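The chain contents come next:
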Amino acid sequence: MGRGQIIITTKNDSNVLSNNVLKAVVDIDSLVKDFKVIDESGHAFSYKNVCMKWDGDCLQTNPLIDMAKNYLKDGMDIGQGNITYPTYLIPTEHGVKIPIYLGSQLLKVELINATNVIKTAKGLHMMYPLGSLNKNAKMNSLWEDQFEEHMWNISRTSANFLQIVPATSRSLVKEANGATTSVLPRFALTICLLVIFSVLCMMTTDWVLSKPFLAFGGVLSATFAVITAVGVLSTLGLQFIQIVSMMPFLIIGVGIDNMFIMVTTWRQCNQQLSIDDRMAKTLSDAAVSITITNLTDVVAFLIGAVSPLAGMRIFCIYAGVAIAFAYIYQITFFAACLAVSGVREEQGRHGVTCRRVVAKEQSPIFCDGGVPKDPALSSQRHHTHKYLLVIFFEKYYGPFVMHRYVRTATIMTIICMLAGAMYGCTQIKQGLSLHNLARDNSSAWKYYRKSNELEAFKPTINIIFTDKLKYWRIDEQEKIEQITRSFEESHFTFSANETESWLRAFTNYLSNNNDTRVMSKCEFMKKLEEFLNDRRYKKFKLDIVFNDDASQRKSIKASRLLMPSYGMKDSAAEKDLMLNMRQKAENSVYNVTAYAPIFVATEQYQNVLQYTLQILCYAILGMLFVTLIMIPHPLCSLWIILCAISIDVCVIGYMSLWGISLDILSMINLVLCIGFSVDFSAHIAYAFMTSPEEGTKRGIHALTKLGTPILQGGLSSIIAIFPLQSASVYIFRTFFKTLFLVMSMGLLHGLLVLPVILTQLQKFIPQTQYDAMNSDSTSYYPNSSVPTTYHPTLSNDVDETPTEEEEVVEMRVSSI
């Protein structure tokens, strides 16, 4: 149903129940109803042409206007009047007082002690409902668009003591769609930042081994995955909703992580190998890490895709498909880019100009480098070339972390962090405010924020009786009255005077006509028909459903009563209202349903914690299954899952302390948390198991092997989402905060906590040799009779020095 609505307050936050304010409100009401809208054909129409009608006239939804006109006509000072709340009796010309309901129009009301007389009210709410969309869809849309613009013009030109905030039924939808468009420039900024970061990571002191252009290939690979996923799913008819616009930032970051893993593996290969053999070694080694990373993420999203929440389900489908395409592009498109870069490297060409340069061993100048051509220098070249981050992890960070005092401090630190996170979990709030779906300071944002501040949302509860009751019997009427009173006793509803009950009104109608006798069904239905045809009671026709089956006499199939509510300060209060009403309905002797349109959204708040815990548990079980397959030692898999749980607890706890509520948006982010929390830990655990070292050197070796790509991957993911931290939409800022916590906690656990724990438990974790470079096996050379012995792993043994026998073999091969 279309509608226009406004909230009126004073700029100094004073009482709105004053003559000058009400006079301005009456003028504003006239301006709303009289302003002309011009359609495409040049036809002019006003509110009366599109309003919701009842009995031929526009439905009166602002009884406050009648009260204001009554006071202004008589010249009374409203400040001296005894205005009652929520119902006020307006005197008529015939001396009869007509009750009007002010509960939905007066906001932030303060009553005089122990009375229902209003002391102050901080705001006024005005609503203008439109008629059926099927008949006047274009006119309604046009009126809503111009209504909002018209009201802002009135706000700027009206009395300077008033503040007017308008909105329509389409305001929030338009803002949600606009929010998606507004984030596109930030996506472009993300691409630029990641390209710069990736280029810097690809640079070394060797200009031939540097790969600045390969960084573009990595970013393009992830971008292609996003485009493909959106294109395929859109073609299949899956709706692209607002929260899906966060997905590209996520996928770009994940794609860059995979790039760093592959490049690191390429750099660990023997530089004397051919391009074919080096690519084979790179893909076989990187396959484990990349598969773990993408498989855990896809499993997490598959679990999220079966969520009963539509928004989460759609996002997880888009993200899961995009992750899968990112994996495909990584091992095809980016692998091809890496091979092309390898050809350039093999030919000794400059990383930027692609021109051949002098080898470093021949003339060490600025634009030099490359693989030594002299076989006698190959072993020395392979031994001496190291990357700065590898040196940092091997010589400085690794020994520091493995120091016994640092290990003790690390364990104490994580215990304290978990204690703080668990406290944060007890402080978490649930629910999503509507203004958070709109851009900051937009019309919809201002309206719904002001609505929250003034507690303007007061849903009307439909109490529906679905049994075929014998309404003409006195005992049935008494039971219905008893049920009605039980609802009215709720602290969320007003007194009986505000309940719209057709049965009460009908009983009073009979009493006023001195007809209180016991009736038969036929007599009851005849009197009821007279009652509903009375102009004063025609509105109750909407509250009764008759059974007009020709095979049986006319009877009442179902009926309802309307009960206004109040006290909706936030989404948590809305949830409490829904649960309270449903509990009373369940306790009724008849089949009763308590319903309000807001319950559809509120039900998500009720179950969001339950859904979150379920998905987290299922996802953790899925991660355990994956790690048991990919990391063939149960103790390592156990500690990977324990680290994942620790990361999840920290993210949830500190998310709460950072001011993020638990809603469908943060729930989606927690699903991401599951997949990413395994990535860093799994890499380190795998490297620790395959390390040939003993004691603390085993932890140092693991950090040396994979510390660089883990750090680069974590930083690239943070850079990918960094442009969202200043976004004008709440959901994007929430996405940044949550992912920032995930990546920060993931890096902390992967580079500090897990190496320390595995080192402490290493006597229970046997060493597993997966790489010939860690053994005494003969090195792999193509086209030779030397046995080929290597196994997929992520190796970073940059200090490896070939044996004397291997150097002889290499010289013979090169001479051939």
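For the chain, an unreviewed UniProt entry supplies the name Patched domain-containing protein 3 and the organism Holothuria leucospilota. Within the UniProt record for the chain, the comment given under Subcellular location (unreviewed entry) is "Membrane". The UniProt entry for the chain carries the following text under Sequence similarities (unreviewed entry): "Belongs to the patched family."

Description of the overall build of the chain
Each helix and strand in the chain was counted, giving 24 helices and 15 strands. For the chain, contacts bridging at least 24 residues in sequence account for 75% of all contacts bridging at least 6. For the chain, the exposed area adds up to about 36,200 Å²; of that, 58% sits on carbon and sulfur atoms.

Here's the deal with the pattern of salt bridges
In the structure shown here, the tally under the stated rule is 16 salt bridges. Residues lysine 33 and aspartate 29 are paired through a salt bridge, measuring 3.4 Å at the closest nitrogen-oxygen approach. Within this pair, lysine 33 and its partner aspartate 29 are both found in helix H1 (residues 19-34), separated by four residues, close to a single helical turn. Beyond isolated ion pairs, a larger network of salt bridges with shared partners links Glu481, Arg485, Glu488 and Arg504.

As for the state of the cysteines
Enumeration over the complete set of coordinates arrives at one disulfide. Disulfide pairing places cysteine 51 opposite cysteine 58 at an S-S distance of 1.9 Å. On the sign convention where negative is left-handed, the bridge of cysteine 51 and cysteine 58, at about -80 degrees about the S-S bond, is left-handed. The class for cysteine 51 is buried, based on a relative accessible area of 5%.

Concerning the sheet that holds strand S10 (residues 162-168)
Sheet architecture is open: four strands sit in the order S8-S9-S1-S10, paired in antiparallel fashion. Among the strands making up the open sheet, the edge pair consists of strand S8 (106-111) and S10. Here the strands of the sheet are splayed against their neighbours by 20 degrees on average, with no regard to which way each runs. Of the strand pairs in this sheet, strand S1 (residues 3-10) and strand S9 (residues 118-129) are connected by six bridges, and their pairing is antiparallel.

Overview of unusual backbone geometry
For the peptide bond that leads from tyrosine 85 to proline 86, omega is 10 degrees, which places it in the cis range. When you line up the elements, proline 86 lands in the loop between helix H3 (63-74) and strand S6 (87-91). With a phi close to 60 degrees, aspartate 13 is a non-glycine residue in the positive phi region. Looking at where aspartate 13 falls in the secondary structure, it is placed in the loop between S1 and H1. On the basis of relative accessible area, aspartate 13 is assigned to the partly exposed category, the value being 47%.

The rules behind these values
Residues numbered from 1 in each chain as written. Predicted model: local features only at pLDDT ≥ 70, side-chain atom pairs only at ≥ 80, totals over all residues. Heavy atoms only, no water. UniProt positions renumbered as here; feature names shortened; annotations may be inferred. Helix = DSSP H or I, 4+ residues; strand = E, 2+ residues; numbered from the N terminus. Contact = heavy atoms within 4.5 Å. Areas by Shrake-Rupley, 256 points an atom, 1.4 Å probe, with all protein chains shown as cover. Salt bridge = Lys/Arg side-chain N within 4 Å of Asp/Glu carboxyl O. Disulfide = S-S within 2.5 Å. Buried < 20%, exposed > 50% of the residue type's maximum accessible area, 1.4 Å probe, protein only. Pairing = 2+ DSSP bridges. Axes fitted to C-alpha atoms, helices over the stretch in contact; angles between N-to-C directions.

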